[in-house]
Amino acid sequence: MMTNDRPDFAGLTVFAFHFRRWKRAVLQAYFPQARFVYPPLYLTDRAFARDWARAIGASEKPVLLVWGRNAPAAAIAFARENSIPLHFIEDGFIRSLVPNASHSAPFSLTFDSRTPYFDSRQASDLECLLGSYDFAGDPALMDRSREGIRSLLASGLSKYNTAGTVDAAHEPKTKDRRRILVIGQVEDDASITLGCDRPMTNNDVVRTAAAENPGCEILYKPHPDVLNGVRKRLSNPAEVAHLCRLVTAPVSLPELLAGTDHVYTITSLGGFEALLRGIPVTVMGCPFYAGWGLTDDRQANPRRGRKLSVEELFAGAYLLYPHYFNPVTGAAISFEECLELAARWRKTGMPQSLIAPIPIPEKPGFRLSGPYGLLGWRHLLTEPLARIIGRIGDKGDADDFRKNPILFFRELSNPTFRKVGRVLYPFD
């Protein structure tokens, strides 16, 4: 039977692409016997060919590990052409006890040798597993799946969670008609750009839901990172406020789903969490759980023709495909242990992590020449820029910038801010 074995990096040289400093500490804690090498963030095809292809090819037992699909196309092609093991890594479906990815160690990770699970353009390991696994011939797995679903729903856990009691004071409890929930996403996220075959915004989904369900109550829950300004939005929720009731309070998704009759989304995992509760789901894109006969699919996927039950889909996606870790110690654990720890720590608070962060290298002191300019004049920029960065972000961002201004700008995800950093600090 096909399974997704835990990668064994012991004794291997792992070239890990697009891992920021905080993720490197987690990776090294989860795989302490591997030797990790980190190419620069946002590496180009040209820079890979010039600086890295020969080094990787000359290494003994090299492995390429890529966060999402954030590696040069040349690097992926090089691995394929030279039969070098390649894994695309992503957060699993139980992530953390905070309402976003933040800088916390994840409870689960996925490793895929073909493409990330959210890339519907080609078959991933998850899609192949779901399309071929003999679920009927594995009654023990199906027993685990049924119990896993029961335990997950009873715990009220989701992908992201808030430690302590969730404040549901603003949950829309009153219900006098059929309720439709639109689950918003970060619209430029790879789960949409690679999981949807046409441009699609959250507002488009709200308009579709309202048009197809006249007389119903339409709730729209924008993504928390969009509401908080952490991630960019491509559509303004205010433009569809006349069609729906905006849910902006920090209410958990499981609580919203409890009163929902139908869910609309593009590719959100929240759609699968709705299926686990027996709620009909319309998906505008093609997430991993679409195409198996359980959802109202608005994007065809001819590769997926098999009919699966919810229990079979859960068994593949939550039990066979991801790998679970204790985010405090870094030890490998099972799904059941993950659920027990997450449920307990949500009530009591997480213990202090034993995973030591990788320190930010301190910027060099005054020199007559170097990356901070002739006579070190760019050191004069530090304090005024730190105040600006503190207003745009927070005090932690300002402190990180003070420690190493050049590294701070190089690791930003926003390409505009990276360009600003390259103008202010052109030399590494």
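Everything numeric in this text was worked out from a predicted model, so none of it was measured. (Residues numbered from 1 in each chain as written. Predicted model: local features only at pLDDT ≥ 70, side-chain atom pairs only at ≥ 80, totals over all residues. Heavy atoms only, no water.)

### Thoughts on the packing of aromatic side chains
Enumeration according to the criterion identifies 31 aromatic pairs in this entry. Look at Phe-93 and Tyr-318: their rings are 5.4 Å apart centre to centre, the planes differ by 40°, and that puts the pair in the tilted class. Taken together, the residues span a long stretch of sequence, with Phe-93 in the loop between strand S4 (86–91) and strand S5 (108–112) and Tyr-318 in helix H12 (residues 310–320) at a distance of 225 residues. Each member of the pair, Phe-93 as well as Tyr-318, carries the same accessibility label: buried. Ring geometry for Phe-107 versus Trp-345: centroids 6.2 Å apart, planes at 35°, classification tilted. Placement of the pair is Phe-107 in the loop between S4 and S5 and Trp-345 in helix H13 (residues 335–348), with a sequence separation of 238 residues. Side by side, Phe-107 and Trp-345 carry an identical accessibility label, which is buried. Here a set of aromatic residues connected by ring pairs shows up, and it is made of Phe-93, Tyr-117, Phe-118, Phe-272, Phe-288, Tyr-289, Phe-314, Tyr-318, Tyr-321, Tyr-324 and Phe-335. (Phe/Tyr/Trp six-rings, centres within 6.5 Å; stacked < 30°, edge-to-face > 60°. Helix = DSSP H or I, 4+ residues; strand = E, 2+ residues; numbered from the N terminus. Buried < 20%, exposed > 50% of the residue type's maximum accessible area, 1.4 Å probe, protein only.)

### Some words on the side chain of Ser-158
If you trace the backbone, Ser-158 turns up in the loop between helix H6 (139–155) and strand S6 (179–183). The buried category is assigned to Ser-158, whose relative accessible area is 9%. Here Glu-273 takes part through its side chain, which lies 2.8 Å from a polar atom of the side chain of Ser-158. In contact with Ser-158, not counting residues within four places along its chain, are Phe-93, Ile-94, Leu-253, Pro-254 and Glu-273. (Polar contact = N/O pair within 3.5 Å; in protein donor to acceptor, adjacent residues only side chain to side chain. Contact = heavy atoms within 4.5 Å.)

### Considerations on the state of the cysteines
Summed over all chains, the structure comprises zero disulfides. Of all cysteine sulfurs, the one in Cys-196 lies closest to Cys-286, which takes part in no disulfide; the gap is 9.3 Å. With a relative accessible area of 2%, Cys-286 lands in the buried category. (Disulfide = S-S within 2.5 Å.)

### Remarks on the environment of Asn-203
Mapping Asn-203 onto the fold places it in helix H8 (residues 202–212). As for Asn-203 and Phe-107, which are separated by 96 residues in sequence, their C-alpha atoms are 32 Å apart. The residues touching Asn-203, leaving out its near neighbours within four places in the chain, are Glu-187, Tyr-220, Ser-235, Asn-236, Pro-237, Glu-239 and Val-240. A polar contact of 2.9 Å, which involves the side chain of Asn-203, links it to the backbone oxygen of Asn-236.

### Some remarks on the layout of surface pockets
Put simply, the second largest pocket is a space of about 490 Å³. Taken together, 17 residues line the second largest pocket, and the ones lying closest to its centre are Pro-40, Leu-41, Arg-410, Arg-422 and Asp-428. Listed by contribution, the elements that provide at least two residues to the lining of the second largest pocket are helix H1 (21–30), helix H2 (45–51), helix H16 (405–410) and helix H17 (415–424). In terms of residue count, the dominant contributor to the lining of the second largest pocket is H2 (three residues). Split into classes, the residues belonging to the lining of the second largest pocket amount to seven nonpolar, one polar and nine charged. (1 Å grid on protein atoms, 1.4 Å probe; cavity = no way out; pocket = protein on both sides within 12 Å on 5 of 7 lines; lining within 4 Å. Points joined across faces, edges and corners; volume = space filled by probe spheres on them. Nonpolar A, V, L, I, M, F, W, Y, C, P; charged D, E, K, R; others polar.)

### Here's the deal with the confidence of the model for the chain
Residues with a pLDDT of 70 or more make up 93% of the chain, whose mean pLDDT is 91. Taken together, the stretch residues 164–169 has pLDDT below 50 and engages in eight contacts with residues farther than four places along the chain or on a different chain. (pLDDT = per-residue confidence, 0-100.)

### Here's the deal with the nonpolar core
Judged by nonpolar contacts, the single largest core of 57 residues is most densely connected at Phe-135, Phe-272, Phe-288, Phe-314 and Tyr-318. Listing elements by their share of this core, those giving two or more residues are helix H5 (125–132), H6, S6, helix H10 (253–257), helix H11 (270–276), strand S10 (281–283), H12 and H13. With eight residues, the top contributor of residues to this core is H12. Ignoring any residue separated from it by four or fewer positions in sequence, one finds Phe-272 in contact with Phe-288, Tyr-289, Leu-313, Phe-314 and Tyr-318. Formed by 22 residues, the second largest nonpolar core is a distinct cluster that contains Phe-19, Leu-27, Ala-34 and Leu-109. (Core = buried A, V, L, I, M, F, W, Y, C linked by side-chain atoms within 4.5 Å.)

### Quick notes on the pattern of salt bridges
Applying the stated criterion to the full structure yields 21 salt bridges. The partner of Arg-198 in a salt bridge is Asp-197, with the nearest N and O atoms 2.8 Å apart. The exposure class of Arg-198 is partly exposed, given its relative accessible area of 29%. For Asp-197, a relative accessible area of 55% gives the class exposed. The salt bridge partner of Asp-428 is Arg-422, with a shortest N-O separation of 3.5 Å. Residue Asp-428 is classed as exposed on the basis of its relative accessible area, which comes to 67%. Taken together, the shared-partner salt bridges connect Glu-383, Lys-395, Asp-399 and Arg-402 into one network. (Salt bridge = Lys/Arg side-chain N within 4 Å of Asp/Glu carboxyl O.)

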